[in-house]
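Chain and residue survey
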Amino acid sequence: MERRDLLKMIVAATGAAMVGLPALVNGQVPAAGAKSIFSAADVGTLDEIADTILPRTTTPGAKDAGAGAFMARFVTDCYTAQQQAAFRTGLADIDKRAGGRFVSLTPQARTELLRVLDAEARKHAVEVSETGTAEAAKAMPHYFTMIKQLAIFGFFTSKVGATEVLQYVAVPGRYDGDLAYVPGTPAWGTS
């Protein structure tokens, strides 16, 4: 899967352009000695959230791909301070809605909570440009939109996601220089 196709899929799944892309596209280097703004417990929670979004089935899940650590690093390195604050506030809100800790919920309760958050995020749609910045100066996508985007992006760009989940399909296929041609057959794409 090409990166452009993946980004289109993320937009279709979340209803917003990928947040944090300007720093990623421009190759913004994090400040020297920049430390993650997330604790190990936060990374564990992110892993569980991502694994609820993309669970293990006959193929590996997001937790197997280390999506939580990816999400923490991406937010630390590519999000603005305002986006980081919204993301961290959202993570705290998820724990609050879970009645303490998201990781203590049953798998079914986790799924139900994330479905509620996804519905809220779709109602809270904010126009985001192709560069991943909000059109309005202070507009911010719903925190669950950011979490879902990073879970999908982190999973499908990981080694596990790219090699064990996605399948390579050669398009257009093998080269055949001796393909039979019937005179009068229209060219491809014409009627």
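Here's what I pulled together on the structure shown here. (Residues numbered from 1 in each chain as written. Predicted model: local features only at pLDDT ≥ 70, side-chain atom pairs only at ≥ 80, totals over all residues. Heavy atoms only, no water.)

Topic: the pattern of salt bridges
Enumeration over the complete set of coordinates arrives at 10 salt bridges. Note that E48 is salt-bridged to R110, the shortest N-O span being 2.6 Å. You can see E48 sitting in helix α3 (residues 40-53) and its partner R110 sitting in helix α6 (residues 107-123), a full 62 residues away along the chain. In this structure, D118 and K148 form a salt bridge, with 3.2 Å as the shortest nitrogen-oxygen distance. In this pair, D118 sits in helix α6 while K148 sits in helix α7 (residues 143-156), placing the two residues 30 residues apart along the sequence. Owing to a relative accessible area of 12%, K148 belongs among the buried residues under this scheme. Where salt bridges share partners, they join E48, K63 and R110 into one cluster. (Salt bridge = Lys/Arg side-chain N within 4 Å of Asp/Glu carboxyl O. Helix = DSSP H or I, 4+ residues; strand = E, 2+ residues; numbered from the N terminus. Buried < 20%, exposed > 50% of the residue type's maximum accessible area, 1.4 Å probe, protein only.)

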